[in-house]
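For reference, the chains in residue letters:
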Amino acid sequence: MTTLTIYPDKDPANPVTVTSDPAEIAAELNKIGVLFERWKAGAELAANASHEDILAAYKAEVDRLSAAEGYQTIDVMRITPDNPNKQAIRTKFLDEHTHDEDEVRFFVEGSGAFYLHLGDKVYRVVCTRDDLLSVPAGTLHWFDMGPEPNFTCIRLFISPDGWVANFTGDKIASTIPAFGEGVAA
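Residues numbered from 1 in each chain as written. Predicted model: local features only at pLDDT ≥ 70, side-chain atom pairs only at ≥ 80, totals over all residues. Heavy atoms only, no water.

1. Brief notes about unusual backbone geometry
Leave glycine aside and you will find that most residues have negative phi; peptide bonds, for their part, are mostly trans.
Thinking step 1. You will see that aspartate 130, though not glycine, has its phi angle at about 90 degrees, which is positive.
Thinking step 2. Considering the arrangement of structural elements, one finds aspartate 130 in the loop between β7 (121–128) and β8 (131–135). (Helix = DSSP H or I, 4+ residues; strand = E, 2+ residues; numbered from the N terminus.)

Quick look at the structure:
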């Protein structure tokens, strides 16, 4: 279930907000400049669907968003629990970083958690099927797919380079409850 949890960055044991109401999530994230929308991920994907199959299934949505925002590079990230590189892939995204462009994700299967560090708060957005999230360029954040990742998302970029991170070196990600490890996922 899509959930927003807002933690004080110095006291993550005591969240100040927890909600699964999509309208509340959108309103809270809008306050910090983050776009959250619920779309309809209408296509059922085969277990062996290729990235091309997934992009073809969502061509209309991707084309509409690309035309509106100027996205030039679109790819698919599909990670399943049987992926032999799942821990290395998870680790790649776990440290706080920023990007020089918005980070845009449309979840078509499964779930993963974006953590947004703004001021003295950390916003954990557990994204699930049908969620579109756009994190503004320059926003401190990290992504956790959990110890047994199972998700598919379409990633959209303006730059032809795709995903390029600017890591901060801050270890805050290790102080906030991880996704899928002994906390409500």
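2. Brief notes about the nonpolar core
As a rule of thumb, soluble globular proteins bury nonpolar side chains together.
Thinking step 1. Of all hydrophobic cores here, the largest spans 25 residues; its most connected members are Leu29, Leu116, Leu133 and Phe151.
Thinking step 2. Going through the elements one at a time, β1 (3–8), α1 (22–31), β4 (73–79), β6 (103–118), β7, β8 and β10 (150–157) are the ones with two or more residues in this core.
Thinking step 3. If near-sequence neighbours (up to four positions away) are discounted, leucine 133 is found in contact with Leu29, Val34, Leu35, Phe36, Glu103, Val104, Arg105, Phe114, Val125 and Cys127. (Core = buried A, V, L, I, M, F, W, Y, C linked by side-chain atoms within 4.5 Å. Buried < 20%, exposed > 50% of the residue type's maximum accessible area, 1.4 Å probe, protein only. Contact = heavy atoms within 4.5 Å.)

3. Notes on empty space enclosed by the protein
Thinking step 1. For the structure shown, the criterion picks out two cavities of 30 Å³ or more.
Thinking step 2. Considering only enclosed or pocket space, the largest cavity measures out at about 80 Å³ in volume.
Thinking step 3. For the largest cavity, the lining is made up of 13 residues, of which Phe93, Glu103, Arg105, Phe114 and Phe143 are closest to its centre.
Thinking step 4. Listing elements by their share of the lining of the largest cavity, those giving two or more residues are β6, β9 (140–144) and β10.
Thinking step 5. In terms of residue class, the lining of the largest cavity is made up of seven nonpolar, three polar and three charged.
Thinking step 6. In this structure, the second largest cavity occupies an estimated 30 Å³ of space.
Thinking step 7. Considering the residues around the second largest cavity, the lining is formed by Trp39, Glu61, Val62, Leu65, Phe106 and Leu156.
Thinking step 8. For the lining of the second largest cavity, the element with the highest residue contribution is helix α3 (residues 59–69), accounting for three residues.
Thinking step 9. Residues belonging to the lining of the second largest cavity are distributed by class as follows: five nonpolar, no polar and one charged. (1 Å grid on protein atoms, 1.4 Å probe; cavity = no way out; pocket = protein on both sides within 12 Å on 5 of 7 lines; lining within 4 Å. Points joined across faces, edges and corners; volume = space filled by probe spheres on them. Nonpolar A, V, L, I, M, F, W, Y, C, P; charged D, E, K, R; others polar.)

4. What about α1?
Counting along an α-helix, one turn takes 3.6 residues, and residues three or four places apart therefore face a common direction.
Thinking step 1. Capping the start of α1 is the job of one residue whose side-chain oxygen sits 3.0 Å from the backbone nitrogen of alanine 23: aspartate 21.
Thinking step 2. Of the residues trailing α1, glycine 33 is marked for its positive phi of about 80 degrees. (Polar contact = N/O pair within 3.5 Å; in protein donor to acceptor, adjacent residues only side chain to side chain.)

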